[in-house]
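A closer look at the structure
Each chain, written out:
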Amino acid sequence: MFEIIENFRLKNYNTFHIDITCLYYVACSSPEQIKDFLSIHQKKDLPLLILGGGSNILFTKDFEGYVVKPEIKGIEKVIETNDFVELKVGAGENWDYFVEYCVKNNWGGVENLSLIPGNVGTCPIQNIGAYGIEVKDVITRVETLEIETRQNHTFSNNDCQFGYRDSIFKRELKGKHIITHVTFRLLKKPVFHLDYGSIKDELANFDTINLQNIRQAVINIREAKLPDPEKIGNSGSFFKNPSVTKDLANQIKLKFPEIPAYEQNDGLVKIPAGWLI
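These lines cover the structure that appears in this document, whether it is placed above or below. Computed from a predicted model, the values in this text were never measured in an experiment.

Counted residue by residue, strand S6 (residues 84-90) has six buried out of seven residues, so it is predominantly covered. Counting the residues that bridge the hairpin from strand S5 (residues 75-80) to S6 gives three residues. By the bridge criterion, seven bridges tie S6 to strand S11 (residues 177-187) in an arrangement that is antiparallel. Residue pairing across strands places Val85 opposite Leu186, the latter belonging to S11.

A few words on the side chain of Glu202. Relative to the elements of secondary structure, Glu202 occurs in helix H3 (residues 199-203). This buried residue, Glu202, is left without a salt bridge; Lys225 holds the nearest opposite charge, at 9.8 Å. A distance of 3.2 Å separates polar atoms of two side chains, one belonging to Glu202 and the other to Asn220. With near-sequence residues (within four places) excluded, Glu202 lies in contact with Ala217, Asn220 and Ile221.

Under the defined criterion, the tally for this structure stands at 16 salt bridges. One salt bridge in this structure joins Glu80 and Lys77, with 3.1 Å as the shortest N-O distance. In this structure Glu80 comes out as partly exposed when scored by relative accessible area, which is 42%. Several salt bridges converge on common partners, so that one network encompasses Glu134, Lys136, Asp137 and Arg165.

Rules used throughout
Residues numbered from 1 in each chain as written. Predicted model: local features only at pLDDT ≥ 70, side-chain atom pairs only at ≥ 80, totals over all residues. Heavy atoms only, no water. Buried < 20%, exposed > 50% of the residue type's maximum accessible area, 1.4 Å probe, protein only. Helix = DSSP H or I, 4+ residues; strand = E, 2+ residues; numbered from the N terminus. Pairing = 2+ DSSP bridges. Lys, Arg positive; Asp, Glu negative; His and termini not counted. Salt bridge = Lys/Arg side-chain N within 4 Å of Asp/Glu carboxyl O. Polar contact = N/O pair within 3.5 Å; in protein donor to acceptor, adjacent residues only side chain to side chain. Contact = heavy atoms within 4.5 Å.

Shown next as structure tokens:
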């Protein structure tokens with residue numbers, strides 16, 4: 001059974017470490033507990049905030065409502081073939097712990113997404129991505145609870161309507177569903193993605209190229225660029241890289257020949273915002 005805690009401090013529950021409180025705090029360790037809570041919440045006229053890893057939110061004042069934290073844990077192998085494995089993961093699992101788990105088992109697909117803050121349940125919402133990889137490339141389905149009806153729903157990859165740092169959960173379904181589980185398909189014969197950013201340069205410091213070293217290379221790059229949230233409050237890298245037409249990219253290259261640029265499947269060219277800054 002879940003516990004409702006009054007006047008709960010959220011300083012340790014957001015990566016900026018803003019010291020504010022919420023009127024009520026509820027941690028739910030199963031979809032059933034979330035359903036039970038929602039039946040209570042629907043009788044109250046108070047706002048509701050779903051809080052994952054706390055890395056995509058900046059509190060400016062106390063929250064006068066319910067903060068619900070899905071703490072559904074577990075990594076379950078649901079399908080395994082000679083080529084791939086599918087894992088059903090609880091929304092409350094730490095994202096980087098999940099990446100480390102996959103890399104240790106030599107399952108490829110998420111190693112470039114190492115050290116991104118947050119939980120598994122929030123990764124589909126903005127379709128997290130880094131170093132040429134997006135989480136949509138490995139998600140097969142997303143399971144949710146609809147807040148108003150308390151009904152279970154399963155979204156296929158297509159149903160999620162993934163875009164660049166975008167999904168249906170940021171648009172039509174924003175604030176209407178709570179993600180409980182995400183299922184991923186990882187490759188047993190990994191395909192390495194090394195052409196984005198400075199991964200190749202960092203890998204020159206390693207004897208071999210494998211999932212473990214790619215993960216460590218990404219960690220090294222991120223730690224060199226971003227402060228540790230435990231020491232300096234931050235939410236990691238959350239900007240969007242601008243995409244421009246090929247014609248415009250070519251015009252920019254005439255003026256700045258050293259500009260990094262990456263052609264996308266949609267015909268546009270992505271330019272790193274970090275380089276522009």
